[in-house]
Amino acid sequence: MNAKLIEIFHSIQGEGLYVGVPQVFVRFFECNMHCTWCDTPHSIGDGKREYEELSLKQVMAKIHALYGHAHSVSLTGGEPLLQKDFLKSLSHELHAQGKKTYLDTNGTLPQALGEMIKDIDIIAMDIKLPSSTKQRAFWKEHEEFLKIAATRQVFVKNVISLDTKKEEIIKAAKLVASVDPNILFILQPNFLDMKKGVIEQCVEHQKSCAKILKDVRILPQVHKFMKIR
């Protein structure tokens, strides 16, 4: 069994709760969504389908060579859970070697998550707001996913663009509160809109969401400012 991968590399986590920690990133190929602001379009699978097929042994060897003093292994994409069988084996092997697993996911594939949740330590879950992504809504899938993810450490990210509708971010906050109001809820300004007023929009959304949840933060993509992957 091989995985379709874009790259494996060592860098600094630039988003969410663990921003600043060193990680080994395993970027999986292909995604089941096509968000308008996607910052890794080469991983989606549209147009050129360029990826490398690697076995579990090969992937583990690359991770071992890069790991050093890394905090964890970031399983990212694309959408890693589309390759659930390989991901399940990889996360199990990483745990067997005492390495923490950090799953960065769009939060739309709850059944796949349920099959490997015991070997996932940290889940960085997106809630995909349809007004921002220009995709269909995934409220039901997100709710099912979060209920499973909440058995581990999880935080939720929402990319905020100039098109984000207030009613959708409120709905997302209420969805998270229905599972656990203590879950960290991050408003992540779309990097492309940073100079167009999106920060002010995030501040207003934060005020509204703070009435529903206990920990609402505005956090940009720090790695973009640092000019690293």
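The structure under discussion appears in the preceding block.
The sections below set out a description of the structure shown in this document. The structure displayed is predicted, hence computed values, not measured ones.

1. Considering the pattern of salt bridges
Here's step 1: Tallying each qualifying case throughout the model produces 15 salt bridges.
Here's step 2: With a closest N to O distance of 2.6 Å, Glu-15 and Lys-157 form a salt bridge. Taken together, the positions of Glu-15 in the loop between β1 (2-12) and β2 (22-28) and Lys-157 in strand β7 (residues 153-160) put the pair 142 residues apart, joining distant regions of the chain. Accessibility assignment for this pair places Glu-15 and Lys-157 in one class, buried.
Here's step 3: Here Arg-136 makes a salt bridge to Glu-141, at a shortest N to O gap of 2.9 Å.
Here's step 4: Here the salt bridges do not stand alone but share partners, grouping Glu-15, Asp-104, Asp-126, Lys-128 and Lys-157 into one network.

2. Side note on the state of the cysteines
Disulfide: a covalent bond formed between the sulfur atoms of two cysteine residues.
Here's step 1: Applying the stated criterion to the full structure yields 0 disulfides.
Here's step 2: Between Cys-209, a free cysteine, and Cys-202, which holds the nearest cysteine sulfur, the sulfur-to-sulfur gap is 10.0 Å.

3. As for helix α6 (residues 166-179)
Here's step 1: Compared with an ideal rise of 1.5 Å per residue, which puts 14 residues at 20 Å, α6 spans 21 Å between its outermost C-alpha atoms and is within 8% of the ideal.
Here's step 2: Within the span of α6, buried status applies to Glu-168, Ile-169, Ile-170, Ala-172, Ala-173, Leu-175 and Val-176.
Here's step 3: Where α6 is buried, its residues contact α4 (130-133), α5 (139-149), β7, β8 (184-189) and α7 (198-209).

4. A few points about the side chain of Thr-101
Here's step 1: Mapped onto the elements of the fold, Thr-101 is located in strand β5 (residues 101-105).
Here's step 2: Judged by its relative accessible area of 0%, Thr-101 falls in the buried class.
Here's step 3: Polar side-chain contacts of Thr-101 include one of 2.7 Å to the backbone oxygen of Asp-119.
Here's step 4: Contacts of Thr-101, omitting those with residues within four sequence positions, involve Val-73, Leu-75, Ser-91, Leu-94, His-95, Asp-119, Ile-120, Asp-121 and Ile-122.

5. Focus on the packing of α6 against α7
Here's step 1: Relative orientation of the contacting elements α6 and α7 amounts to 40°, with a least axis distance of 10 Å. Relative to α7, the element α6 lies oblique. Here α6 and α7 pass one another in a crossing that is right-handed. Between α6, through Lys-166, Ile-169, Ile-170 and Ala-173, and α7, the contact on the second element is made entirely by His-205, Ser-208 and Cys-209.
Here's step 2: Of the residues that constitute the contact of α6 with α7, the class distribution is 4 nonpolar, 2 polar and 1 charged.

6. Examining the nonpolar core
Here's step 1: Ranked by internal contacts, the top residues of the largest apolar core, which has 50 residues, are Phe-28, Ile-63, Leu-75, Leu-90, Ile-123, Ile-127 and Phe-185.
Here's step 2: For this core, the element with the highest residue contribution is α6, accounting for 6 residues.
Here's step 3: For Ile-127, the contacting residues outside a window of four places in its chain are Trp-139, His-142, Val-156, Lys-157, Asn-158, Ala-172, Leu-175 and Val-176.
Here's step 4: With 8 residues, the next largest nonpolar core counts Val-21, Ile-122, Ala-124 and Phe-155 among its residues.

7. Side note on the packing of aromatic side chains
Here's step 1: Throughout the structure, instances matching the rule amount to 5 aromatic pairs.
Here's step 2: Judged by centre distance (6.4 Å) and plane angle (55°), the ring pair of Tyr-102 and Phe-155 falls under tilted. Placement of Tyr-102 in strand β5 and of Phe-155 in strand β7 is noted, with a sequence separation of 53 residues between them.
Here's step 3: The exposure class of Phe-155 is buried, given its relative accessible area of 0%.
Here's step 4: Here the aromatic residues Tyr-18, Tyr-102 and Phe-155 are joined through ring pairs into a cluster of three or more.
Here's step 5: One Lys or Arg, Lys-99, reaches over the ring of Tyr-67 and ends 5.0 Å from the middle of that ring.
Here's step 6: For the cation-ring pair, Arg-136 lies above Phe-138, with the distance from its terminal atom to the ring centre recorded as 3.9 Å.

Criteria and thresholds
- Sequence order as written defines residue numbering, which begins from 1 separately in each chain.
- Given that the model is predicted, a residue must reach a pLDDT of at least 70 before its local features are reported, and side-chain atom pairs must reach 80 or more before they are shown or counted; all residues, however, enter totals for whole chains, interfaces and linings.
- Each side-chain value is worked out from all heavy atoms of the structure, with water and hydrogens disregarded.
- Throughout this description, the term salt bridge denotes a Lys or Arg side-chain nitrogen within 4 Å of a carboxyl oxygen of Asp or Glu.
- For helices the rule is a DSSP run of H or I covering at least 4 residues; for strands it is a run of E covering at least 2, with both sets numbered from the N terminus onward.
- Relative accessibility decides the category of a residue: with a 1.4 Å probe and only protein chains considered, values under 20% of the type maximum give buried, values over 50% give exposed, and everything between is partly exposed.
- For this text, the term disulfide refers to a pair of cysteine sulfurs within 2.5 Å.
- Multiplying 1.5 Å by the helix residue count minus one yields the expected span of that helix.
- By definition, residues are in contact when any of their heavy atoms lie within 4.5 Å.
- Pairs of N or O atoms are called polar contacts if they sit within 3.5 Å, as long as, within protein, a hydrogen donor faces a hydrogen acceptor (for residues adjacent in sequence, only side-chain-to-side-chain pairs).
- Interaxial angle, 0 to 180 degrees, is taken between N-to-C directions of lines fitted to C-alpha atoms, where a helix line uses only the stretch in contact.
- Note on terminology: angles under 35 degrees are roughly parallel, angles over 145 are roughly antiparallel, angles of 65 to 115 are roughly perpendicular, and the others are oblique.
- Crossing handedness: left-handed means the near helix sits turned counterclockwise from the far one by under a right angle, and right-handed means the same turn made clockwise.
- Under the scheme applied here, ten amino acids are nonpolar (Ala, Val, Leu, Ile, Met, Phe, Trp, Tyr, Cys and Pro), four are charged (Asp, Glu, Lys and Arg), and all others, including Gly, are polar.
- To form a nonpolar core, buried Ala, Val, Leu, Ile, Met, Phe, Trp, Tyr and Cys residues must be joined to one another through side-chain atoms within 4.5 Å.
- Between 30 and 60 degrees the pair is tilted, below 30 it is stacked and above 60 it is edge-to-face, where a pair is any two Phe, Tyr or Trp rings, Trp via its six-membered ring, whose centres lie within 6.5 Å.
- Two conditions define a charge located above a ring, namely a distance within 6 Å from the ring centre to NZ of Lys or CZ of Arg, and an angle within 35 degrees of the ring normal.

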